[in-house]
Structures are given as C-alpha cells and as structure tokens.
Amino acid sequence: MRLDKLVSDAIGVTRKDSKNLIKKGLVSVNGEIIKDAGANVSEDCSLLIEGKKAEYKRFIYLMMNKPQGYISSTDDKRQKTVLDLLDESFSRYDLFPAGRLDIDTEGFLLLTNDGQTAHTLLSPAKKVGKEYFARLEHILTKEDITAIEGGVDIGGYVTKPAKIVQKSDNECVITIVEGKFHQVKKMFECVGNKVVYLKRISFASLPLDPSLGLGEYRFLTKEEVDIIGGSL
Ligand code: URA
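Residues numbered from 1 in each chain as written. Predicted model: local features only at pLDDT ≥ 70, side-chain atom pairs only at ≥ 80, totals over all residues. Heavy atoms only, no water.

**Details of the site of the ligand**
- Taken together, Leu101, Asp102, Thr105, Tyr132, His182, Gln183, Val184, Lys185 and Leu198 make up all the residues around the ligand.
- Take aspartate 102: an N or O atom from its side chain is 2.7 Å from a nitrogen atom of the ligand.
- Protein chains bury 96% of the 240 Å² of accessible surface belonging to the ligand in isolation.
- The biggest single contributor to the shell around the ligand is helix H5 (residues 183-189), with three residues. (Near = heavy atom within 4 Å. Polar contact = N/O pair within 3.5 Å; in protein donor to acceptor, adjacent residues only side chain to side chain. Areas by Shrake-Rupley, 256 points an atom, 1.4 Å probe, with all protein chains shown as cover. Helix = DSSP H or I, 4+ residues; strand = E, 2+ residues; numbered from the N terminus.)

**Here we look at the domain arrangement of the protein chain**
- On domain assignment, one finds that the protein chain holds domain 1 (3-54), domain 2 (61-124 + 209-228) and domain 3 (129-203).
- One C-alpha centre belongs to domain 1, the other to domain 3; they are set 51 Å apart. (Domains from an automatic or database assignment.)

**Observations regarding the environment of glycine 213**
- For glycine 213, the position within the fold is in the loop between strand E12 (206-207) and strand E13 (217-219).
- Its relative accessible area of 27% is what places glycine 213 among the partly exposed residues.
- Measuring from C-alpha to C-alpha, the distance between glycine 213 and glycine 129 comes to 23 Å, with 84 residues separating the pair along the chain. (Buried < 20%, exposed > 50% of the residue type's maximum accessible area, 1.4 Å probe, protein only.)

And the structure:
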C-alpha cells in the first residue's frame, strides 16, 4: 500500500496532510524515516507518526450497547440512528450495523465496515446465536417455554428450536439462531404474552461488555475479532 494512504487511514487525516507529514520526515516505517509518499509499504509495518505509534486498520469492529430511541440504520431523515452515537472521527469508515435491533430494543449491536464478515454472521445457514434478556407482561409458564423452544409460527414462518432460561415469573433469557423481523416479540405473542423490555446480551458467542453504558461502544479485541471470523 502507498505510504500516504496508510498514514491517512491510520490517523484519519487527508491525503494532502498525510503527504505533508511524510515530506517533513515525521513518518517512520520499521524504524526508518521515509520521505517518499508513494513508497510501497506493508499494512503490517511498524508505523510511527510524529513519534507516536499508529496502526493501520483494514476493518473496524465496534461493540455498542444500543440504547432505546435509535434505529439500526445508517441514515434516516426523521429518526436518530445508531451512527449518531459515534464520535465524529468514525464518519470516514463507512460503518454500518451488522443486523438490526428494534428502536425500543437495547444491547449488543456490532458496527463494522467488514461487509463479508457481517454477511456471514447474518446468514441464516450459519445459525449464529443471539441471546436476549426479555421482560414480559404476563407470567411465563412451563407450557409456553416448551412451545416456544420447539418452534412457533410467527406468521408464515415456524421458528427454529430456541432455548429459554427462566429468570423470574415474567423474565427470561432466550437464545435464538435466526433474526427475523421482531422475532422475539412475535415468538412471545404466539403464546399470548408480550415483551415489555428487550435487551440483546450476547451476539455470535460474544457477551455484551458489562462496562459499556447505554450508548457507549468500544473496539472488539483481537480475540473477539477472531471469534466472529473478522480480520484486523
Ligand atoms: N427480536 C425482536 O423482536 N426485536 C429485536 O430488536 C431483536 C429481536
């Protein structure tokens, strides 16, 4: 990759500013100052810009604790989107939510610009697990749990086997491997109940980081990126 592109991608400056930094001798690659903006360098090189270590990121993966009131979309004229929660510095990365949570659902939303990995994670064939904490309007009975776990018809579609762990009379954690529109809400409607609060607590084997407050986000760690099959 050209050095000026690597520098601008790594620290979020324009190509012009990147070229200036390079010309001024403020960029070193593997310990050597390089003043040629067009030099071909490896994405994995050790990069120092103005004496600070910088890293080129091919893809970005953010774990967000989505609050209610935001839609899982990249652009909307009327409603706030999850991208509105991100720092302005992320605007150049073309991030999008990998999957959707309803406007009134909270919890784990993956934001990335890695289309291939997002596509794989969302593919029904991959049966990627999603865990939700659900609070219900009415008591959840053993019969309802058995019915939902076995699969219910949510309107022309019978859900795949799910797992429910009851937490209280009207609270549970439900694990599903699909992502149909309003799926969890519809599954409980099938047994005459209603979801009054929903939070996704894990996605693709990654638990939501409990230190993230509503609306907060962080980069996935290298290990977490490996687990979801992404690449940094
Ligand atoms: N199921 C729902 O009903 N809503 C969500 O936001 C996610 C899963």
